[in-house]
Amino acid sequence: QVQLVESGGELVQPGDSLRLSCAASGRALGLYALGWFRRAPGKEREFVATINWSGATTTYADSVKGRFTISKDNAKNTVYLRMNSLKPEDTAVYYCAARRSMFVSQSDHEYDYWGQGTQVTVSS
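To keep things clear, this report deals only with the structure shown in the data block. Since the model is a prediction, treat every value here as computed from it, not as a measurement.

1. A word on the overall build of the protein chain
The secondary structure content of the protein chain amounts to one helix and 11 strands. Counted from the first residue to the last, the protein chain has its helices and strands arranged as β-β-β-α-β-β-β-β-β-β-β-β. For 124 residues, the compact-globule formula gives about 14 Å, and the C-alpha radius of gyration of the protein chain, at 13 Å, lands near that figure. Referenced to the eigenvectors of the C-alpha coordinate spread, the extents of the protein chain come out at roughly 40 × 25 × 25 Å. With 124 residues in all, the protein chain has 47% of them scored as buried.

2. Topic: the pairing of strand β9 (residues 92–99)
The buried fraction of β9 is high, at seven of eight residues. Note that strand β4 (residues 33–39) and β9 share seven bridges and pair antiparallel. Across the sheet, Leu34 pairs through a bridge with Ala98, a residue of β9. For β9 and strand β11 (residues 118–122), the ladder comprises three bridges, and the chain directions are antiparallel. Directly across from Tyr94, in β11, lies its bridge partner Thr118. The pairing of β9 with strand β10 (residues 113–114) spans two bridges and is classified as antiparallel. Counted as the bridge partner of Ala98 is Tyr113 from β10.

3. Notes on the sheet that holds strand β7 (residues 68–73)
One open sheet accounts for four strands, arranged β1-β3-β8-β7; its pairing is antiparallel. In the strand order of this sheet, the two ends are held by β1 (4–7) and β7, each with one partner. Strand-to-strand twist across the sheet, computed as the mean angle between neighbouring axes with direction ignored, equals 15°. Relative to strand β8 (residues 78–83), β7 runs antiparallel, the two being bridged by six bridges. In the strand pairing of β8, Asp73 is matched with Thr78.

4. Re the pairing of β11
Burial along β11 is one-sided: the residues Thr118, Val120 and Val122 are buried and none of Gln119 and Thr121 is. Direction of pairing for strand β2 (residues 11–12) relative to β11: parallel, over a ladder of two bridges. Considered in β11, the bridge of Val12 is made with Val122.

5. Looking at a nonpolar patch on the surface
The grouping of Trp53, Met102 and Phe103 at the surface amounts to a nonpolar patch, some 340 Å² of accessible area in total. Relative to the elements of secondary structure, Trp53 occurs in the loop between β5 (46–51) and β6 (58–60).

Cut-offs used in this document
Residues numbered from 1 in each chain as written. Predicted model: local features only at pLDDT ≥ 70, side-chain atom pairs only at ≥ 80, totals over all residues. Heavy atoms only, no water. Helix = DSSP H or I, 4+ residues; strand = E, 2+ residues; numbered from the N terminus. Rg over C-alpha atoms; globule rule 2.2 N^0.38 Å. Buried < 20%, exposed > 50% of the residue type's maximum accessible area, 1.4 Å probe, protein only. Pairing = 2+ DSSP bridges. Axes fitted to C-alpha atoms, helices over the stretch in contact; angles between N-to-C directions. Patch = residues over 30% accessible without salt bridge, like charges linked within 9 Å, V, L, I, M, F, W, Y side chains within 5 Å. Areas by Shrake-Rupley, 256 points an atom, 1.4 Å probe, with all protein chains shown as cover. Salt bridge = Lys/Arg side-chain N within 4 Å of Asp/Glu carboxyl O.

And the structure:
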């Protein structure tokens, strides 16, 4: 089995930067494509970013492209989401997920393992 644990969520002001981390058990980072999703209050879960097993391929939602960066460190079994220029609409619970594939996907139903989520609040 694969276990994912997110951390790094905080209360920040608009324009601030924040880095989220997702610690994965076993060899998940070397075997699976990985992704970040988020769920804002009263809304459905939405795609944020994905990265493939090698880190060579990344994809982003239009709403975060140019501001967020997904990366991973296989030696540490950790996935990161660097968030710059945060906006109030970025407020959400952020989840990391793993997919049993070498290829990325933007569909949450194609992911097999999920973390518990970490709260990011952007407010002045």
